[in-house]
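The chain contents come next:
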Amino acid sequence: MEYQHLGQSGLMVSEIAYGNWITHGDQVEEQAAADCVRAALDEGITTFDTADVYAGGRAEEVLGRALHGLRRSSVEIFTKVYWPTGDRPNDRGLSRKHVTESLHASLRRLQTDYVDLYQAHRYDYETPIEETMRAFDDLVRAGKVLYIGVSEWRAEEIAAALRVAGELGLDRIVSNQPQYNMLWRVIEPEVVPLCEKEGIGQIVFSPIAQGVLTGKYQPGTPPPADSRATSAAGSGFIERWLSDQTLTAVQRLRPLADEAGLSLAQLAVAWTLQNPNVSAAIIGATRPEQVRENVKAAGVTLDAGLMRRIDETLGDAVIRDPDRTASPKSRP
């Protein structure tokens with residue numbers, strides 16, 4: 001495993017992080033989830049990402065139990081706040097009330113006194129950014145949060161938060177968590193340049209495009225019965241990638257992966273890590289062997305010629321539109 005600073009902060013994270021969106025508390029049984037966490041730890045993963053909204057809070061609970069008993073300082077635990085966690089008016093968003101109450105609930109579920117990174121899961125247009133940033137700063141000063149980040153924010157939203165933090169002397173954002181992979185590159189035109197300038201690192205999710213970049217989905221063929229594309233929890237998030245055009249382009253990557261001595265999944269994860277602004281790529285798993293395979297992408301260098309041929313191979317299947325900062329159904 002390789003380790004990198006999260007942006008320009010002092011926090012070191014494992015280059016491959018383990019995330020439990022959709023899987024823990026939903027797609028897999030708890031023992032299978034615990035086995036995947038154990039495999040991640042055995043492979044040197046120290047960074048674990050979750051959110052209060054995943055599986056209605058159950059994902060945090062499962063992760064908390066799976067990590068229970070470990071020396072707390074040996075791992076980095078990340079979680080998020082924004083999406084509704086209840087039916088009451090204040091059970092959502094980035095108000096001081098929801099941010100504070102959601103963190104306390106997350107800490108109980110995760111069985112910890114603090115989280116290493118607390119992330120605003122989306123931008124809240126109904127709450128003043130000053131209120132949100134002050135709430136995050138208060139939690140940092142209370143020792144319940146060590147660093148703050150965001151997820152799927154536009155460049156101008158990140159810039160606004162940085163400006164407020166600077167004006168008010170508040171803790172600054174150190175990370176952004178966007179969807180990013182060979183097929184979905186909308187952070188490259190605006191978000192990445194801003195973040196490079198401001199010392200903000202990317203913690204990218206869906207590096208294998210919900211499994212599409214593993215090559216297991218074949219053009220003109222129904223998805224495998226046990227795949228994310230056929231599950232109630234995951235099908236809505238993967239359907240955009242299942243066109244014959246995209247699946248055919250992915251199959252054309254096989255010779256390039258073979259040439260690099262990698263599986264398609266390893267090639268996809270390694271590709272995201274070639275971006276110098278990416279601090280970590282989040283992988284998910286339903287089986288320990290998936291963890292063990294994907295961590296082999298850590299430390300891999302893809303030469304410029306191979307990177308260029310990947311672009312040529314995928315062609316029009318790549319989405320780069322800078323006006324679309326998130327897939328309509330991307331919510332990790």
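Residues numbered from 1 in each chain as written. Predicted model: local features only at pLDDT ≥ 70, side-chain atom pairs only at ≥ 80, totals over all residues. Heavy atoms only, no water.

Caption draft 1: Representation of the pattern of salt bridges. Under the definition given, this model contains twelve salt bridges. One salt bridge in this structure joins Arg65 and Glu30, with 2.6 Å as the shortest N-O distance. Highlighted residues: Arg65 in helix H2 (residues 58–67) and Glu30 in helix H1 (residues 30–42), separated in sequence by 35 residues. When its relative accessible area of 41% is taken as the criterion, Arg65 is described as partly exposed. (Salt bridge = Lys/Arg side-chain N within 4 Å of Asp/Glu carboxyl O. Helix = DSSP H or I, 4+ residues; strand = E, 2+ residues; numbered from the N terminus. Buried < 20%, exposed > 50% of the residue type's maximum accessible area, 1.4 Å probe, protein only.)

Caption draft 2: The arrangement of the nonpolar core in detail. In this structure, Phe48, Trp153 and Val291 are the most contacted members of the largest nonpolar core, which totals 91 residues. Residue contributions to this core peak at eight residues, all from helix H10 (residues 264–273). Once residues within four sequence positions are removed from consideration, Phe48 is found in contact with Tyr18, Val37, Ala40, Leu41, Leu63, Leu67, Val75, Glu76, Ile77 and Phe78. Core analysis: the next-biggest nonpolar cluster, separate from the first, contains eleven residues, Leu6, Val13, Ala17 and Ile282 among them. (Core = buried A, V, L, I, M, F, W, Y, C linked by side-chain atoms within 4.5 Å. Contact = heavy atoms within 4.5 Å.)

Caption draft 3: Local environment of the pairing of strand E5 (residues 76–81). Among the six residues that make up E5, six are buried, leaving the element largely enclosed by the rest of the structure. Of the two faces of E5, both are covered, the one formed by Glu76, Phe78 and Lys80 as well as the one formed by Ile77, Thr79 and Val81. Bridge count between strand E4 (residues 47–49) and E5: three bridges; the pairing is parallel. Residue pairing for E5: Phe48 is matched across the bridge by Ile77. Considered for its hand, the β-α-β crossover made up of E4, H2 and E5 is right-handed. Both E5 and strand E6 (residues 115–120) contribute to a ladder of four bridges, which runs parallel. Residue pairing for E6: Phe78 is matched across the bridge by Leu117. (Pairing = 2+ DSSP bridges. Right-handed = clockwise from strand over helix to strand, strands pointing away.)

Caption draft 4: Representation of helix H3 (residues 96–110) in the model. Here H3 is 15 residues long and its end C-alpha atoms lie 21 Å apart, about the 21 Å a rise of 1.5 Å per residue gives. Those residues of H3 not exposed but buried are His98, Val99, Ser102, Leu103, Ala105, Ser106, Leu107, Arg109 and Leu110. The elements touched by buried residues of H3 are H2, E5, E6, helix H4 (129–141) and strand E7 (145–151). Just beyond H3, the residue with positive phi is Gln111, at close to 55°. (Expected span 1.5 Å × (residues − 1).)

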